[in-house]
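An overview of the molecular structure
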Amino acid sequence: MTLKQLEAFYLAATLGSFALAAQRAYVTQSSLSKRIAELEAWVGAELFDRSGKRAQLTEAGQRLLPVAARMLELKEGIRDALNSSPTLTGTCRFGISELGALTWLPRFVARVRTEHPQLVLQPLVDLGRRLERQVVRGELDFAIIPIPPENPQIAAHGIGDVHFTWMAAPGRVDPESVLTAEDLSRHPVITMSEGSGVTQAFDVWAAGLGLHMQRTVASNSLMAIIGLTMADVGLSFLPVDFMRPWVESGALLALPSDPPLPTMRYCFVHRADDHRAMLPMLLQCVSEVAQFSAPAGLSRKTTMT
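Note that the coordinates shown come from a computational prediction; the quantities given were computed from them, not determined experimentally.

When you go through the protein residue by residue, the secondary structure sums to 13 helices and 12 strands. Partitioning the intrachain contacts of the protein with sequence separation of at least 6 by distance along the chain shows that 77% fall at a separation of at least 24. Put simply, the protein shows about 14900 Å² of open surface, and 53% of that area lies on carbon and sulfur atoms.

For the rest of this paragraph, the subject is the sheet that holds strand S8 (residues 188–192). Ordered by their spatial adjacency, five strands build an open sheet running S9-S8-S10-S7-S11, and the pairing between neighbours is mixed. The open sheet has two edge strands with one neighbour each: strand S9 (214–219) and strand S11 (253–255). Averaged over all neighbouring strand pairs, the angle between strand axes comes to 40°, with direction disregarded. Bridge count between S8 and strand S10 (residues 235–239): two bridges; the pairing is parallel.

On the surface, Met1, Leu3, Trp42, Val43, Val67, Met71 and Leu74 cluster together into a nonpolar patch covering about 630 Å² of accessible area. Taken together, the elements giving at least two residues each to the nonpolar patch come down to helix H3 (29–43) and helix H4 (59–82). Ranked by residues supplied to the nonpolar patch, first place goes to H4 with three residues. Here tryptophan 42 is to be found in helix H3. Residue class for tryptophan 42 comes out exposed when judged on its relative accessible area of 54%.

Let us now look at the environment of threonine 2. One can find threonine 2 in the segment before helix H1 (3–15). Note on threonine 2: relative accessible area 37%, which makes it partly exposed. Remark: the alpha-carbon pair of threonine 2 and tryptophan 42, spanning 40 residues in sequence, is separated by 9.9 Å.

Our focus in this paragraph is the pairing of strand S5 (residues 142–146). Within a regular beta strand, the side chains point alternately toward one face of the sheet and then the other, so they alternate between its two faces. Most of S5 is tucked away: five of the five residues are buried. With burial as the criterion, each face of S5 is covered, one bearing Phe142, Ile144 and Pro146 and the other bearing Ala143 and Ile145. Here S5 pairs with strand S12 (residues 264–271) via four bridges, running antiparallel. Note on S12: the bridge partner recorded for isoleucine 145 is cysteine 267.

All right, on to the layout of surface pockets then. There is about 280 Å³ of room inside the second largest pocket. Within the residue set of the lining of the second largest pocket, elements represented by two or more residues are helix H5 (98–103), helix H7 (128–137), S8, helix H9 (197–209), helix H10 (222–230) and S10. A breakdown of the residues in the lining of the second largest pocket according to their chemical character gives 14 nonpolar, six polar and three charged.

A word on the pattern of salt bridges. One pass over the structure, following the stated rule, counts 17 salt bridges. Residue arginine 172 is joined to aspartate 232 by a salt bridge in which the shortest nitrogen-to-oxygen separation is 2.7 Å. One end of the pair, arginine 172, is in the loop between strand S7 (164–168) and helix H8 (181–186); the other, aspartate 232, is in the loop between H10 and S10, and 60 residues separate them in sequence. Classification of arginine 172 as partly exposed rests on a relative accessible area of 22%.

Spatial strand order, S4-S3-S5-S12-S6: five strands in an open sheet with mixed pairing. With one partner strand each, in any of the chains shown, strand S4 (119–125) and strand S6 (154–162) form the two edges of the open sheet. On average, adjacent strands in this sheet sit at an angle of 20° to one another, irrespective of strand direction.

Counting across every chain of the model gives 14 aromatic pairs. Judged by centre distance (4.1 Å) and plane angle (15°), the rings of phenylalanine 202 and phenylalanine 237 are stacked. Placement of phenylalanine 202 in helix H9 and of phenylalanine 237 in strand S10 is noted, with a sequence separation of 35 residues between them. Both residues of the pair, phenylalanine 202 and phenylalanine 237, belong to the buried class. Each member of the aromatic cluster is reached from another via a ring pair, and the members are Phe94, Trp104, Phe108, Phe142, Tyr266, Phe268 and Phe292.

Calculation criteria
Residues numbered from 1 in each chain as written. Predicted model: local features only at pLDDT ≥ 70, side-chain atom pairs only at ≥ 80, totals over all residues. Heavy atoms only, no water. Helix = DSSP H or I, 4+ residues; strand = E, 2+ residues; numbered from the N terminus. Contact = heavy atoms within 4.5 Å. Areas by Shrake-Rupley, 256 points an atom, 1.4 Å probe, with all protein chains shown as cover. Pairing = 2+ DSSP bridges. Axes fitted to C-alpha atoms, helices over the stretch in contact; angles between N-to-C directions. Patch = residues over 30% accessible without salt bridge, like charges linked within 9 Å, V, L, I, M, F, W, Y side chains within 5 Å. Salt bridge = Lys/Arg side-chain N within 4 Å of Asp/Glu carboxyl O. Buried < 20%, exposed > 50% of the residue type's maximum accessible area, 1.4 Å probe, protein only. 1 Å grid on protein atoms, 1.4 Å probe; cavity = no way out; pocket = protein on both sides within 12 Å on 5 of 7 lines; lining within 4 Å. Points joined across faces, edges and corners; volume = space filled by probe spheres on them. Nonpolar A, V, L, I, M, F, W, Y, C, P; charged D, E, K, R; others polar. Phe/Tyr/Trp six-rings, centres within 6.5 Å; stacked < 30°, edge-to-face > 60°.

Honestly, that's just the spatial picture; any functional story needs more than this.
What follows is the structure, given as structure tokens:
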């Protein structure tokens, strides 16, 4: 029996897919299957029931799984104890929202390239709830999403709060006004598409106040929402720090409401059963660079071109 065989078994069992397990182990699917078959020969029992469309753990496989997890955790502990400044290698697939991609992602990539030049980063930009599902399935190593997930399979670590405010084109409302529930019910609202954690939190906030919004457009693009708001299609709720260049240039008005919009807690999320040393190291990198303000040069012209 080898640790590579245990790792192949553990990944296939926890991810529920030999194909995903092979990707995580950086081997071909046939090599992964061979390692599992060798482990089965060593223990003298089948670990997976392969009679159906999807391989399921046998009774022997279920007994072995917690033992394999402990063995792999010991392996990580030994490596950490002997390596004071470990360098990451391989490939890291992670999810990030458009807000993160437009703000701190370049700083994160530069940081990782300096500290871990052999680690290949593969970011996926998408809506929060979609990214969460891909983390659960094992398709992503981690993701940065707004509001902590409720799925018990996910571990979440807060990395920062993002404050939101209402935005409108000049002339739609009095720039000195504080939007009330009655005001908000009269104006169409532009939101992110279904699957956005921000939109989900907004819906909970609005429902708690008994607000009924006129939804005119739902988009999966933050920059598209900014452009639509500037075109006076409707109101939108957008991150305060990120929107400062548009507000300072006079392209948009920032408007408070009573009650105020909720603050979004952005979290670094990964599978709760994933104990690889890579994750806390990358969490530290993200925590140190994650600032959700617009980078220099992002302006009204950027949105309209």
